[in-house]
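Given next are the chains, with one letter for each unit.
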Amino acid sequence: MTLNPRVRQFFQASASIVVLLAAWQIASFFFPHYLFPPVQDVLARTVKILFNWPELLQVLETAGRIFAGLAGAFVLGSLIAIPIGRYPKIESYVNPFLIFLQGIPALSWVIVAIIWFHGTEFRIFFIMVITTLPAFTFQVLDSYRSMSKDLFEMTMSFRPSGWTLFRVLIVPTILPGILTAWKINLGNSARVVVVAELVGATGGVGYELLRQQQLFDMAGALAWTIQLVLFVLVVQQIIIRIENWLLRYRAVSERAA
Amino acid sequence: MSEPLIRFRDVTKEFARPDGAGTFTAVDRLSFTIEKGEIVAVLGKTGCGKSTMFNLLAGLIEPTSGKVEVTGHDPFREFDFFRGKIGIVFQNDRLMPWRSALDNVVLGLEILDAKRSEAEVVARRWLSRLGLSGHENDYPHALSGGMRQRVSIARAFAVEPDILLCDEPFSSLDEMTARDLRAEFVRLVKQAGKTAVFITHHINEAMDVGDRIMVFHRPARIAYEARMDDASKGAGRQAIQDEILKVLSLEAGEGMPAIPVAVV
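Everything numeric in this text was worked out from a predicted model, so none of it was measured.

Chemist: Looking at this structure, how should I read the overall build of chain B?
Modeler: Along the backbone of chain B there are eight helices and nine strands. Taken over C-alpha atoms, the radius of gyration comes to 19 Å for chain B, in line with the 18 Å a tight globule of 264 residues would show. Based on the C-alpha atoms only, the size of chain B along its principal axes is roughly 55 × 45 × 45 Å. Split into buried and exposed, the 264 residues of chain B put 53% on the buried side. For chain B, the share of sequence-separated contacts (at least 6 apart) that also reach a separation of at least 24 residues comes to 68%. As displayed, chain B has an accessible area near 11500 Å², and 50% of this comes from carbon and sulfur atoms. Counting 34 positive and 38 negative side-chain charges, chain B places the averaged centre of each group 1 Å from the other.

Chemist: Quick question: what am I supposed to make of helix H4 (residues 145-158) of chain B here?
Modeler: Given 3.6 residues to a turn, an α-helix orients residues that are three or four positions apart in the same direction. Over its 14 residues, H4(B) extends 20 Å from the first C-alpha to the last, a length consistent with the 20 Å expected when each residue adds 1.5 Å. Of all 14 residues in H4(B), 12 are buried, a share of seventy percent or more. Packing partners of the buried residues in H4(B) comprise helix H7 (149-156) of chain A together with strand S5 (86-89), helix H2 (101-111), helix H3 (116-129), strand S6 (163-167) and helix H5 (175-192) of chain B. Two residues or fewer after H4(B) comes Glu160(B), characterised by a positive phi angle close to 55 degrees.

Chemist: Whenever I open this one, the environment of Ser92(A) confuses me. Can you help?
Modeler: Looking at where Ser92(A) falls in the secondary structure, it is placed in helix H4 (residues 91-102). In terms of polar contacts, Ser92(A) uses its side chain to reach the backbone carbonyl oxygen of Lys89(A), at 3.1 Å.

Chemist: Explain the state of the cysteines to me, please; I cannot follow it from the model alone.
Modeler: A covalent bond between the sulfur atoms of two cysteines is referred to as a disulfide. All chains considered together, the criterion is met by zero disulfides over all chains. Cysteine Cys48(B) is unpaired, with the sulfur of Cys166(B) as its nearest cysteine sulfur at 17 Å.

Chemist: What exactly am I supposed to notice about the packing of aromatic side chains here?
Modeler: The geometry of an aromatic ring pair is captured by the separation of the ring centres together with the interplanar angle, meaning the angle of the planes. Residues and elements named next belong to chain A. For the structure on display, the rule yields 26 aromatic pairs over all chains. Taken together, a centroid distance of 5.9 Å and an interplanar angle of 85 degrees make the contact between Trp116 and Phe117 edge-to-face. Here the aromatic cluster, defined as three or more aromatic residues joined through ring pairs, consists of Trp109, Trp116, Phe117, Phe122, Phe125 and Phe126. If you follow Arg248 out to its NZ or CZ, it ends over the ring of Trp245, 4.5 Å from the centre.

Chemist: Is there a simple way to think about the interface of chain B and chain A in this case?
Modeler: Many structure descriptions define interface size as the accessible area lost when the parts assemble. Taken together, the contact between chain B and chain A spans 27 residues of the former and 20 residues of the latter. Approximately 2200 Å² of surface area, both sides summed, lies buried where chain B meets chain A, with 66% of it carried by carbon and sulfur atoms. In terms of surface lost to chain A, no three residues of chain B exceed Arg94(B), Trp98(B) and Ile111(B), which account for 31% of the buried area on that side. At the junction of chain B with chain A, the criterion picks out three salt bridges. Close ionic contact of Glu110(B) with Arg167(A) constitutes a salt bridge, the shortest N to O distance being 3.0 Å.

Chemist: Explain the layout of surface pockets here, please?
Modeler: Where empty space is left in the structure can be found by rolling a water-sized probe over the atoms. Residue and element names in this part refer to chain A. Here the largest pocket defines a volume of roughly 510 Å³. Around the largest pocket, the lining comprises 16 residues; the ones closest to its centre are Ile17, Leu20, Leu21, Leu43 and Ile226. At the level of secondary structure, the elements contributing two or more residues to the lining of the largest pocket comprise helix H1 (5-30), helix H2 (39-51) and helix H10 (218-246). Of the residues in the lining of the largest pocket, the class split is 14 nonpolar, two polar and no charged.

Chemist: Sorry if this is basic, but what is going on with the sheet that holds strand S3 (residues 39-43) of chain B here?
Modeler: One key point about sheets: their strands pair by backbone hydrogen bonds, in either a parallel or an antiparallel sense. Residue and element names in this part refer to chain B. Ordered in space as S5-S6-S7-S3-S8-S9, the six strands form an open sheet in which the pairing is mixed. Each edge of the open sheet carries a strand with a single partner, namely S5 and strand S9 (221-227). Shown here is a sheet whose adjacent strand axes are inclined to one another by a mean of 20 degrees, direction ignored. By the bridge criterion, six bridges tie strand S8 (residues 212-217) to S9 in an arrangement that is antiparallel. Across the sheet, residue Arg212 finds its bridge partner in S9, namely Arg227. Running over the sheet, helix H1 (residues 50-58) touches S3, S5, S6, strand S7 (195-200) and S8 and is turned about 155 degrees from S7.

Chemist: Before we go on, may I ask you to explain the sheet that holds strand S2 (residues 23-34) of chain B in this structure?
Modeler: Residues and elements named next belong to chain B. Pairing in this open sheet of three strands is antiparallel, and the strands run S2-S1-S4 from one edge to the other. In this open sheet, the two strands that pair with only one neighbour each are S2 and strand S4 (65-70). In this sheet, adjacent strand axes meet at a mean angle of 25 degrees when their direction is disregarded. Sheet strands in contact with H1 are strand S1 (6-16), S2 and S4, and its direction is about 115 degrees off that of S1.

Chemist: Looking at this structure, how should I read the side chain of Glu243(A)?
Modeler: Within the secondary structure, Glu243(A) sits in helix H10. Contacts of Glu243(A), omitting those with residues within four sequence positions, involve Leu179(A), Thr180(A) and Lys183(A).

Chemist: Would you explain the packing of H2(B) against H3(B) in this entry?
Modeler: Describing two packed helices takes the angle between their axes plus the distance from one axis to the other. Residues and elements named next belong to chain B. Between H2 and H3, the shortest axis-to-axis distance is 9 Å and the interhelical angle comes to 125 degrees. Relative to H3, H2 is oriented oblique. The hand of the H2/H3 crossing is right-handed. Of H3, the residues touching H2 (which contributes Ala101, Leu102, Asp103, Val105, Val106, Leu109 and Glu110) are Arg116, Ala119, Glu120, Val122, Ala123, Arg124 and Leu127. Of the residues in the contact of H2 with H3, the class split is nine nonpolar, no polar and five charged.

Chemist: Mind showing me how you'd approach unusual backbone geometry here?
Modeler: Leave glycine aside and you will find that most residues have negative phi; peptide bonds, for their part, are mostly trans. Residue and element names in this part refer to chain B. A cis amide bond, omega -10 degrees, links Arg218 with the succeeding residue Pro219. Considering the arrangement of structural elements, one finds Pro219 in the loop between S8 and S9. The phi angle at Asp113 is positive, at roughly 65 degrees, despite the residue not being glycine. With relative accessibility at 60%, the residue Asp113 sits in the exposed group.

Chemist: Would you take a moment to explain the nonpolar core for this structure?
Modeler: One broad trend across soluble globular proteins is that nonpolar side chains are buried collectively. In terms of nonpolar packing, the biggest core is built from 133 residues, with Ile6(B), Phe8(B), Met53(B) and Phe185(B) touching the most fellow members. A per-element tally of this core places helix H8 (residues 162-200) of chain A first, with 15 residues. Excluding residues within four positions of it along the chain, Phe8(B) makes contact with Leu30(B), Ser31(B), Phe32(B), Met53(B), Leu56(B), Leu57(B), Lys67(B) and Val68(B). Leu43(B), Ile213(B), Ala223(B) and Ile244(B) belong to the second largest nonpolar core, which has 15 residues in total.

The rules behind these values
- Residues numbered from 1 in each chain as written.
- Chains lettered and ligands numbered in written order.
- Predicted model: local features only at pLDDT ≥ 70, side-chain atom pairs only at ≥ 80, totals over all residues.
- Heavy atoms only, no water.
- Helix = DSSP H or I, 4+ residues; strand = E, 2+ residues; numbered from the N terminus.
- Rg over C-alpha atoms; globule rule 2.2 N^0.38 Å.
- Buried < 20%, exposed > 50% of the residue type's maximum accessible area, 1.4 Å probe, protein only.
- Contact = heavy atoms within 4.5 Å.
- Areas by Shrake-Rupley, 256 points an atom, 1.4 Å probe, with all protein chains shown as cover.
- Lys, Arg positive; Asp, Glu negative; His and termini not counted.
- Charge placed at Lys NZ, Arg CZ, Asp CG, Glu CD.
- Expected span 1.5 Å × (residues − 1).
- Polar contact = N/O pair within 3.5 Å; in protein donor to acceptor, adjacent residues only side chain to side chain.
- Disulfide = S-S within 2.5 Å.
- Phe/Tyr/Trp six-rings, centres within 6.5 Å; stacked < 30°, edge-to-face > 60°.
- Lys NZ or Arg CZ within 6 Å of the ring centre and 35° of its normal.
- Buried area = accessible area lost by both parts, 1.4 Å probe.
- Salt bridge = Lys/Arg side-chain N within 4 Å of Asp/Glu carboxyl O.
- 1 Å grid on protein atoms, 1.4 Å probe; cavity = no way out; pocket = protein on both sides within 12 Å on 5 of 7 lines; lining within 4 Å.
- Points joined across faces, edges and corners; volume = space filled by probe spheres on them.
- Nonpolar A, V, L, I, M, F, W, Y, C, P; charged D, E, K, R; others polar.
- Pairing = 2+ DSSP bridges.
- Axes fitted to C-alpha atoms, helices over the stretch in contact; angles between N-to-C directions.
- Parallel < 35°, antiparallel > 145°, perpendicular 65-115°, else oblique.
- Left-handed = near helix turned anticlockwise from the far one by under 90°.
- Core = buried A, V, L, I, M, F, W, Y, C linked by side-chain atoms within 4.5 Å.

Next comes the structure, spelled out in C-alpha cells:
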C-alpha cells in the first residue's frame with residue numbers, strides 16, 4: 001500500500017518529535033523533575049497557559065511586540081531599499097552601515113536601548129526594528145533588483161506616473177520577496193523579543209521565562225517556550241496561505257505537486 | 001503636402017562600451033519620415049540598430065545628436081505628452097504573470113486612468129476581436145505563445161494609440177501562427193487608420209506587412225527603400241526581394257553601398 005505523500009510527510013515529521021518526547025520522558029525517570037519534568041507536566045502547563053486568559057494575554061503581548069517590530073522594520077527597510085534600487089549609487093553609502101548593523105548582537109542592542117531610552121515598549125520596539133532592519137532591507141532590495149527589465153520597459157511605454165509604476169509593477173514584483181522576508185524574520189524576531197523582554201519588560205513570554213528561571217521551574221520554562229514556538233508556527237502557516245493565494249498565478253509543475 | 005507624422009533628422013545614437021573603452025555607434029545620421037496611416041516595415045540583420053531606432057522612436061532613449069519628432073514633439077523630452085498616443089508590441093509578449101489576460105489588456109487603460117468598468121469593456125472587446133473570448137481570466141502561463149502575443153497586441157490596441165510600434169512581434173511564433181497574426185495585425189491597423197512601424201528581420205514578413213520597406217545597414221542607416229504598391233505585390237515583388245537580398249548580402253562582406261539606393 002502506498003501512502004499519500006502528505007500523510008507520509010506528516011508521519012515523517014511526527015516521528016522525530018515522538019522520538020524526542022520519548023527520550024525526554026525516559027530522562028525524566030532518571031533525573032530530578034526540576035531538570036527533566038515529565039512530558040505530561042509540560043503539556044499540562046502548556047494547555048493551562050492557552051486557556052488561562054491572563055497568561056494567554058502575556059503571549060499576545062509578545063506577539064504584538066513581534067508584529068510591531070516587524071512592521072516597523074519592514075516599512076523602514078522598504079523606504080531604504082526602494083531608493084537604493086532606483087538610484088544604485090546610494091548603495092555604496094548605505095550598505096556598509098547595514099552590514100555593520102547586522103554584525104551587532106541583539107544583546108548589545110538591549111543594553112544600548114536601556115541606556116538610551118525610557119519606556120519598556122519603545123525599548124523593545126527599537127531592538128526589534130534595529131535587529132531585523134538589515135534583513136528586510138536586503139531582501140526587499142534583492143526583490144526590486146530582480147524586476148524584469150522587459151516588464152519595466154513595457155510598463156514605461158504607457159508613460160505611468162511614479163505612483164502608478166509603483167502600484168502596478170514594483171509592488172507585485174517585490175511581493176514574493178517581502179513574504180519570504182516576513183517568514184525568515186518572524187523566527188529571528190521571536191528569538192530577539194525574548195531577549196529584550198528578559199532584560200527589560202514586566203510582561204510577555206520573555207518576562208515569564210525569567211520568572212520560571214527564578215522559580216527553578218523547568219516545566220513552566222518549557223511551556224512558555226512552546227507558546228512562542230506555536231505562535232511562530234501558526235503565523236508561518238498564515239503567511240504561507242496568504243502567499244499561496246497572492247502568488248496563485250504561478251505555474252506549478254504536476255511533478256512538483 | 002501635410003507634415004509627416006514621424007521624422008528622424010540626422011539622428012545618431014552612441015553607447016558607451018561596457019569596458020569603458022570609448023563608444024560604439026548604433027545609429028548613424030539616420031533620416032527618414034513616415035506619413036500618417038503608413039505601415040513601414042524596417043528590415044535588417046540582428047544588431048543593425050533597428051531596436052535602438054525603435055527605442056528612440058518610443059522615447060525610451062535620447063539621441064546623441066540629431067532630432068526625433070513625432071507629431072512635431074520630442075518623444076524623449078516630452079515623454080508624458082505621448083501618454084496613450086504610442087502603443088508598443090514587443091518581440092516577446094511581456095505579459096505580467098500576476099495578471100490575468102483581461103487584466104493585462106486593462107493595464108494600459110488603467111495607467112491612463114480609465115474607469116475600471118469601462119476599461120474592462122474595452123479589454124473584453126479586444127480579446128474577443130483577437131479570438132480570445134473565454135480566456136479572459138486565464139493567467140499567462142496557461143496560454144500558448146500565440147495566445148500570449150495576441151493578448152499583448154490587444155493591450156497595445158486597447159489604448160487606441162495613434163502610432164503602433166512593433167519590434168519583431170511574431171518572431172518567436174511558429175510560421176502558421178505568425179502568418180495569421182500578421183494578417184490580423186495589418187487588418188486592425190488599416191481598419192483603425194493607425195500609423196505603424198514594424199521591425200522584422202524576415203524579408204517576406206516585411207513585404208507582407210509594410211506599405212513601405214526600409215532596409216537598415218549597421219550602424220542603423222537606410223541602405224534600401226521600397227514602396228509596396230499594387231504593382232510591386234505582383235511581379236515586382238520578386239525584384240524587390242532580390243534587391244533586398246543583394247543589399248543584405250553586401251553588408252555581409254562586400255562593403256556598404258555609398259548612398260541609399262533605389263526606391264521602387
